[in-house]
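# Reading the structure
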Amino acid sequence: MMAVKCNEDWMGALPVCLSTMPLSNLAIPGSHDSFSYWVDEKSPVGPDQATSIKRLAKLSLVKKLMKKWSVTQNLTFKEQLESGIRYFDLRVSSKPEEAEIEIYFIHGLYGIKVWDGLTEINTFLTNHRTEVVLLDFNHFYAMEHNHHLYLVNMLREVFGSKLCTADCVENITLQHLWEKKYQVLVFYHYNVWNEYPFLWAGNKMPAPWANTTNVHKLIQFLETTLGERAKRGTFHVSQAILTPQVKTIVRGLKSGLKNTLVHRNLPMILNWVKLQKPGAMGVNIITSDFVELVDFAETVIGLNYLLLRNKKDKENS
């Protein structure tokens with residue numbers, strides 16, 4: 001099933017009273033390991049993997065199986081954006097065996113060049129001026145300081161004046177971003193963020209991780225971490241994802257992540273999402289694997305309209 005195009009301008013279509021609320025109070029759909037729709041089984045195994053896996057991966061069958069477990073999304077950036085996804089979870093790496101500096105997305109295996117992914121996102125934003133994306137660079141592999149400088153300059157080159165200057169989280173509303181013509185917030189989990197006005201500290205985007213294959217434990221974890229959501233001015237990511245353990249992978253080796261864990265549990269995860277409310281102490285960003293398998297983005301976006309109801313109720317009371 002391909003992405004539905006009806007959510008490509010959902011931020012611009014929100015009622016005025018929602019566009020003046022802090023972005024951290026809105027419900028925003030995100031994808032987990034957002035770039036993994038294209039991992040290359042011919043590429044070397046990434047530096048994010050254990051040595052034992054690297055040895056095994058010399059067998060081509062092992063890489064084919066790795067791909068089934070590395071891919072967490074079927075849609076390209078463009079298709080994810082068209083379906084309404086606005087938060088991207090990004091893991092990047094250099095290729096130590098290459099002479100020149102280049103940065104790639106990574107999840108077990110290498111993906112596309114970061115440059116290609118960013119330019120795809122930028123093209124979408126140029127055509128959809130009311131839409132805003134949050135790019136969360138949270139895992140770096142085989143990267144020295146000069147790799148970080150290369151990546152940060154690339155961000156500046158690709159997005160230019162669309163990059164939003166870091167500020168108090170509470171000040172960032174859609175209305176504010178539209179006035180300034182900002183469309184990109186970059187969260188950077190490495191200590192060069194304080195040297196560039198357009199990099200937000202990684203700790204402004206906490207994303208607690210349940211690390212479980214059990215959907216009931218996951219939901220319990222999402223509830224608990226939401227209850228502890230910091231009042232100290234941050235965004236908040238609810239990672240509505242199940243993580244395979246080694247034994248899960250061994251048991252479901254041929255079937256891969258989607259068929260072993262995701263398909264079976266997505267309906268329960270989606271039901272949890274449907275019961276949420278955005279707002280200061282409610283959900284903010286929710287991420288999922290294989291965002292197109294259910295009407296995930298649609299459901300998360302729809303939660304924002306509960307804020308309108310709350311507002312009306314207050315006015316009438």
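For the structure given in this document, a descriptive report is provided here. Keep in mind the model is a prediction, meaning the values are calculated, not measured.

When you go through the protein chain residue by residue, the secondary structure sums to 11 helices and 9 strands. For the protein chain, the residues scored as buried account for 55% of the 317 residues in total. In the protein chain, the proportion of contacts linking residues at least 24 apart, taken out of those at least 6 apart, comes to 77%. Counting every atom, the protein chain has about 14200 Å² of accessible surface; 54% of that belongs to carbon and sulfur.

This part takes up the packing of aromatic side chains. Taken as a whole and assessed by the stated rule, the structure comprises 11 aromatic pairs. With centroids separated by 6.3 Å and ring planes inclined at 70°, the aromatic side chains of F140 and Y190 adopt a geometry described as edge-to-face. Within this pair, whereas F140 is found in strand β5 (residues 133-141), its partner Y190 is found in the loop between β6 (184-188) and β7 (199-201), the two being separated by 50 residues in sequence. For F140, a relative accessible area of 19% corresponds to the buried category. On the basis of an interplanar angle of 45° and a centroid distance of 5.6 Å, the ring pair of F187 and W200 is categorised as tilted. Here F187, found in strand β6, pairs with W200, found in strand β7; they are 13 residues apart in sequence, far enough to count as distant. Like F187, the residue W200 is buried in the burial classification. An aromatic cluster is defined as three or more aromatic residues linked by ring pairs; in this entry it consists of F35, F77, F88 and F105. Directly above the aromatic system of Y104 lies the positively charged group of K95, at a separation of 4.1 Å from the ring centroid. Sitting over the ring of Y110, K95 keeps its end group 5.0 Å from the ring centre.

Let's shift gears to the pattern of salt bridges. Scanning the entire structure with this criterion turns up 4 salt bridges. Notably, a salt bridge pairs R91 with D33, separated by 2.7 Å at the nearest N-O pair. Residue R91 is found in strand β2 (residues 87-94), and its partner D33 is found in the loop between β1 (28-31) and α2 (51-56); the two are separated by 58 residues along the sequence. The residues R91 and D33 share a single accessibility class, namely buried.

About the cut-offs
Residues numbered from 1 in each chain as written. Predicted model: local features only at pLDDT ≥ 70, side-chain atom pairs only at ≥ 80, totals over all residues. Heavy atoms only, no water. Helix = DSSP H or I, 4+ residues; strand = E, 2+ residues; numbered from the N terminus. Buried < 20%, exposed > 50% of the residue type's maximum accessible area, 1.4 Å probe, protein only. Contact = heavy atoms within 4.5 Å. Areas by Shrake-Rupley, 256 points an atom, 1.4 Å probe, with all protein chains shown as cover. Phe/Tyr/Trp six-rings, centres within 6.5 Å; stacked < 30°, edge-to-face > 60°. Lys NZ or Arg CZ within 6 Å of the ring centre and 35° of its normal. Salt bridge = Lys/Arg side-chain N within 4 Å of Asp/Glu carboxyl O.

Bear in mind that shape data such as this cannot, by itself, settle questions of function.
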